[in-house]
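Coordinate analysis (summary)
Chain by chain, the residues run as shown.
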Amino acid sequence: MLKNKGMMVIVGFAVLCLLLFGDGIRLYVDWLWFQENSIEQVFTTSLLAKLQIGAIVGGLFFILLFLNLLLTRVVIAKKGPMLIDDTLFEIPKIDGLTTNLNKILFWCIAIFSLLIGLGSTYKWDEFLKFLHPVMFNISDPLFSTDIGFYIFQLPLIKYLYSISVSAVFFSSMMVLLIYVLKRGIWLRKTGVSILPGARVHLIGLGMLVALLIACGCLLKQYALLFSTRGVVFGASYTDIHAVFPVLNILILLSILLIFILALSIFTHIWKPIVVLMGLMGITGIIGLGFYPQLIQKLHVAPNEIALEDPFIKLNIAFTRKAYDVDRIKIKKFPLSKALSMADIKENEGTIKNIKLWDNRPLLDAYSQLQEIRTYYKFNDVDNDRYMINGQYQQVMLSPRELSSSNLPSRIWLNEHVTYTHGYGLCLGPVNRVTEEGLPDFMIKDIPPVSIIDLKVSRPEIYYGEIANDYCFVNTRAKEFDYPAGDENKYSIYQGTGGVVIKSFWKKLLFSIHFAEPKILFSTDITPESRIMYYRDIKKRLEMAAPFISYDSDVYMVIGKDGRLFWMCDGYTMSNSYPYSEPVSKINYIRNSVKTVVDAYNGSMQFYVSAPTDPIIKCYEQIFPGMFQPLASMPEDLQQHLKYPETMLSIQSQIYCSYHMQNPQVFYNKEDLWNIAKSADDSLMNPYYTIMKLKEYDKNEFILMLPFTPAKKDNLIAWIVSRCDMPNYGELMVYTLPKQIQVYGPAQIKARINQDTVISKELSLWNQMGSRVIHGNLLVIPVKDSLLYVEPLYLAAEKSKIPELKRVIVAFGNQIAMEETMEKALAKIFGSGQTKAAITQPIKEEAIISQDKSKNDLILQAAACFRQAESCLKNGDWAGYGEQWNGLKQALNALAERK
């Protein structure tokens, strides 16, 4: 028996050592990473906070249970022998259980407290915020308490309360179990008997329970500020005038119960305790259940708008503040139906930067045309703007990253030593195509070839969006740089990224951590070698600052010196802002942080973009020196700040309702808006463009999103966020005259689909072995008018390369579909085209050239068919015959190529 126990102890100790050893290695590897990036304080502060909150919660849990265990032991030890044994029911004795009960329970308490402490470590962020609260300088109307209390302190208090409830519950169960097994409580023929010491002990636990009930009622009063009972989020009339007073009564009854329980220790009274407990139960059931429902149905519902008016006002004010939409400037857009070609030319900067390449088709085209090798991958395409050859221009940019999972030979040496980085990028204008309908490139190929004054001097991408595993650089093995024809170019890493190996012990450490013996035994890895890990940008940022929420869109920027940087937006969020309407489980958000990551070295910089946000102020106190003011960001990177789509989407969703600030209008939803929908009934996403806002004379990069009235598709307004410094972050809403019916995107899309000429041509394309891809329909304000633009792409069934073949432009009641933007504009507004928005315009020819592609022949046939239809309508029989012959030639040429 002893031998078996000894073996169990040894095995348990060995398992514990292995667990601690594994965690110790992980912690040290993480420490080396934090040290490499000069953010050791995040590691040490968060680790210390985890130890502190774990020790506090686990320690208090252990102390409470252990003290109760100790008290039961003292009470049982003082128990004298029974003079008369008239026990009605005898607890059967289990060998070894009753004699070793205290030891068993002690170890159970210790283990359980350890688990509770470990489980509390994930609250380290709340613990630190609790210790460093920041004032919002806004008070709630119920308790006159600063909002900072609800954001920084209440969440941890609620958690500690739940732990206290668990501790008292387990203590009570443990005490009752011990007293029953040890005959501190027993059942006699005349009733239940209890030892005097046990009685006092249980009364003390009862007082703790009453105290917890009082505290719970107080927390429920705070929770009323987040109630969903009324017409809006937050405390309603019923909550304030029915629930709140009942909770006060329960608090008073709980305090009274504590005094009566204390008095019963000396007087042995029990009837008042039972009466008071029954009264509390009845008050809770009726006062918190039936009574509020009666008040709501019989008093509030018939007079809802009058009674809920002040609470609707609070909800509107607090929600607008929480989502930062209270700073939106409202501007009227004096819609004009008159727009000339002269106006188009005057707004040439807007027209030339209308985005004709959507992300998905462009990504497919880049992947087919520029990936070069199977192990390269374009993960995403990003919108940005650059000053190119003296012109402010919107571009599409996509980095060429390495995907180790696509290597032809996935041996360890290739994945972790030889193939270590991506190379270069593709960059092109948003609205230009080649003669074949393919994207036009300004920067392309390997090594990067640029035809503009923007150059890439450091094209290697060691850190990116694709989650590649760790890699070693500066090894004895050749490090692949890029392919050059039939040969490969190799390089030596010259940066500061990664942890220097230095010694055999670090090799051993990383070998154990990554569970890869090749690291230890590889002769290619020298003391001067560096290991790079956590190379995924999102993972890297989350490791460095896990208390910030990061945007899903990470985008690349080319610095003025040709180096590549990743930029990502960070948010501070909360779900504890009183009276604020929740969206996706949060009810407060700020785009507080802009992060910059060097694609070559992996170095990270955190800049504060919302310096008035109390949450980021709190983190600045916790981690001094980690955050820098936005003004200290290099100027060339400031030029590429973008207002995040996620932020504007959330704010737009809120603003659809909360632009109504009159409580009665809000209650009746008289002016409710929706985010504009596309033809497939999905909500439009915000989109970037360059345009000249009405009040300003300068073209600027903006993010915009249209609105429609609720349950209608006509356009009512649109929201704009300015992205260029020094006006970054300014929000404006342009409202349209309500007396004028303005087409919305879904209505324009429906009109396009109903156009007989366009629909016939699209049907013909779809029936001839190709697939028509509709691009995003964009609403473009020009002067005092609105243009609608939709690109069309054509992709053969067996080809993954979409080609931009048509541009549809709508203005008022006119719709034009042509090969280029300028042709479509000229068809609507007359002659006098703007500068070409296409590299080389596609010529329509009746004679079929042998070198035309299948797609071009399909387009030629469709064009001839459309023009024949037009000639037929106009009675131009000669023209009809000519176009019909052109259609026959195109179809015959297609038939010959099958």
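Look up: the structure comes first, before these words.
Residues numbered from 1 in each chain as written. Predicted model: local features only at pLDDT ≥ 70, side-chain atom pairs only at ≥ 80, totals over all residues. Heavy atoms only, no water.

1. Notes on the packing of aromatic side chains
Applicable threshold: Only Phe, Tyr and Trp rings are paired, with Trp represented by its six-membered ring, and only when their centres lie within 6.5 Å; those with planes under 30 degrees apart are stacked, over 60 edge-to-face, the remainder tilted. Helix numbers and strand numbers start at the N terminus; a helix is a DSSP run of H or I with at least 4 residues, a strand a run of E with at least 2. Accessibility here uses a 1.4 Å probe with only protein chains present; expressed as a share of the type maximum, an area under 20% marks a residue as buried, one over 50% as exposed, and anything in between as partly exposed. Our definition puts a charge over a ring when NZ of Lys or CZ of Arg is within 6 Å of the ring centre and also within 35 degrees of the ring normal.
By the definition in use, this model includes 58 aromatic pairs. Pairing tryptophan 33 with tyrosine 534 gives two aromatic rings, centres 5.5 Å apart and planes at 85°, and the pair type is edge-to-face. Here tyrosine 534 lies in the loop between strand 16 (530-532) and helix 16 (537-544) and tryptophan 33 lies in helix 1 (residues 2-36), a separation of 501 residues in the sequence. Centre to centre, the rings of phenylalanine 136 and phenylalanine 152 are 6.1 Å apart; their planes meet at 45°, and the pair counts as tilted. In this pair, phenylalanine 136 sits in the loop between helix 4 (124-131) and helix 5 (147-181) while phenylalanine 152 sits in helix 5, placing the two residues 16 residues apart along the sequence. Each member of the pair, phenylalanine 136 together with phenylalanine 152, is buried. Joined through ring pairs, the aromatic side chains of Trp31, Trp33, Phe34, Phe43, Trp412, Tyr470, Phe472, Phe510, Phe514, Tyr533 and Tyr534 make up one cluster. Above the face of the tyrosine 688 ring, lysine 642 is positioned so that its terminal group lies 5.0 Å from the ring centre. Lying across the ring of tyrosine 696, arginine 722 places its NZ or CZ 4.0 Å from the centre.

2. So, the pattern of salt bridges
Applied cut-off: Here, a salt bridge means any side-chain nitrogen of Lys or Arg that lies within 4 Å of a carboxyl oxygen of Asp or Glu.
Per the counting criterion, the structure on display carries 29 salt bridges. The partner of arginine 26 in a salt bridge is aspartate 23, with the nearest N and O atoms 4.0 Å apart. Within this pair, arginine 26 and its partner aspartate 23 are both found in helix 1, separated by 3 residues, close to a single helical turn. Under the relative-accessibility criterion, aspartate 23 is labelled partly exposed at 40%. Measuring nitrogen to oxygen at the nearest pair gives 3.1 Å for the salt bridge that ties lysine 783 to aspartate 343. One end of the pair, lysine 783, is in the loop between strand 29 (778-782) and strand 30 (785-796); the other, aspartate 343, is in helix 10 (residues 341-346), with 440 residues separating them in the sequence. Accessibility expressed as a relative area gives 41% for lysine 783, which makes it partly exposed. Residues joined by salt bridges that share partners form a network here, namely Lys329, Glu700, Arg722 and Glu730.

3. Here's the deal with the packing of helix 9 (residues 304-322) against helix 19 (residues 645-658)
To be explicit about the condition: Helix axes are fitted only over the stretch in contact, all axes being lines through C-alpha atoms; the angle between N-to-C directions runs from 0 to 180 degrees. Just so you know how the angles are binned, under 35 degrees is roughly parallel, over 145 roughly antiparallel, 65 to 115 roughly perpendicular, and the rest oblique. Here a crossing is called left-handed whenever its near helix is offset anticlockwise from the far helix by less than a right angle, and right-handed whenever the offset is clockwise. Contact criterion: two residues are considered in contact whenever any of their non-hydrogen atoms come within 4.5 Å of each other. For this scheme, ten residues count as nonpolar: Ala, Val, Leu, Ile, Met, Phe, Trp, Tyr, Cys and Pro. Four count as charged, namely Asp, Glu, Lys and Arg, and the remainder, Gly too, count as polar.
Two elements in contact, helix 9 and helix 19, have axes separated by 11 Å at closest approach and are oriented at 155°. Classified by the interaxial angle, the pair formed by helix 9 and helix 19 is roughly antiparallel. Pair helix 9 / helix 19 crosses with left-handed handedness. Here Asn315, Ile316, Thr319 and Arg320 of helix 9 lie close against helix 19, whose contacting residues are Ile654, Tyr655 and Tyr658. Looking at the contact of helix 9 with helix 19 residue by residue, the classes come out as 4 nonpolar, 2 polar and 1 charged.

4. Brief notes about empty space enclosed by the protein
Our working rule: Site definitions follow a grid-based scheme: protein atoms alone, a 1 Å grid, a 1.4 Å probe that fits but cannot get out for cavities, and for pockets an open set with protein on both sides within 12 Å along at least five of seven lines, plus lining residues having an atom within 4 Å of a point. Grid points are joined across faces, edges and corners, and a volume is the space filled by probe spheres set on the points.
Summed over all chains, the structure comprises 3 cavities of 30 Å³ or more. Its volume calculated, the largest cavity comes out at about 80 Å³. Lining the largest cavity are 13 residues, and of these Glu401, Ile461, Tyr462, Gly464 and Asn468 sit closest to its centre. Taken together, the residues of the lining of the largest cavity sort by class into 5 nonpolar, 5 polar and 3 charged.

5. Structural notes on the pairing of strand 5 (residues 382-388)
How we decide: Strand pairing is assigned whenever DSSP detects at least two bridges linking the two strands.
For strand 5, the buried fraction is high: 6 of the 7 residues fall into the buried class. Relative to strand 6 (residues 391-402), strand 5 runs antiparallel, the two being bridged by 7 bridges. Each bridged residue has a counterpart across the sheet, and for asparagine 383 the counterpart in strand 6 is methionine 396. As consecutive antiparallel partners, strand 5 and strand 6 are separated by 2 residues, and within that stretch asparagine 389 has a phi angle of approximately 50°, a positive value.

6. A short note on the sheet that holds strand 16
In sheet architecture, strand pairing relies on hydrogen bonds along the backbone and comes in two forms, parallel and antiparallel. Spatially, 3 strands are ordered 12-16-15 in an open sheet, and the strand pairing comes out antiparallel. Bordering the open sheet on either side are strand 12 (471-473) and strand 15 (499-500), each of which pairs with just one other strand.

7. What to know about the layout of surface pockets
Leftover empty space is mapped by rolling, across the atoms, a probe with the size of a water molecule. Its boundaries defined by the atoms lining it, the second largest pocket holds a volume of some 830 Å³. Taken together, 37 residues make up the lining of the second largest pocket; nearest its centre are Glu645, Asn685, Pro686, Tyr687 and Asn776. Elements supplying a minimum of two residues to the lining of the second largest pocket: strand 5, helix 19, strand 24 (687-692) and helix 21 (745-754). In the lining of the second largest pocket, the residues fall into 14 nonpolar, 11 polar and 12 charged.

8. Notes on the pairing of strand 25 (residues 699-709)
Burial runs high along strand 25: 10 of the 11 residues are buried. Pairing of strand 23 (residues 673-675) with strand 25, which is carried by 3 bridges, proceeds in the antiparallel orientation. Paired with tryptophan 673 across the strands is proline 709, a residue of strand 25. As paired elements, strand 24 and strand 25 share 6 bridges and run antiparallel to each other. Looking across to strand 25, one finds that isoleucine 690 is bridged to phenylalanine 701. Here strand 24 folds back onto strand 25, and the loop between the two strands holds 6 residues. Here strand 25 runs beside strand 26 (residues 717-722); their pairing, made up of 6 bridges, is antiparallel. Following the sheet pairing, methionine 704 is matched in strand 26 by valine 720.

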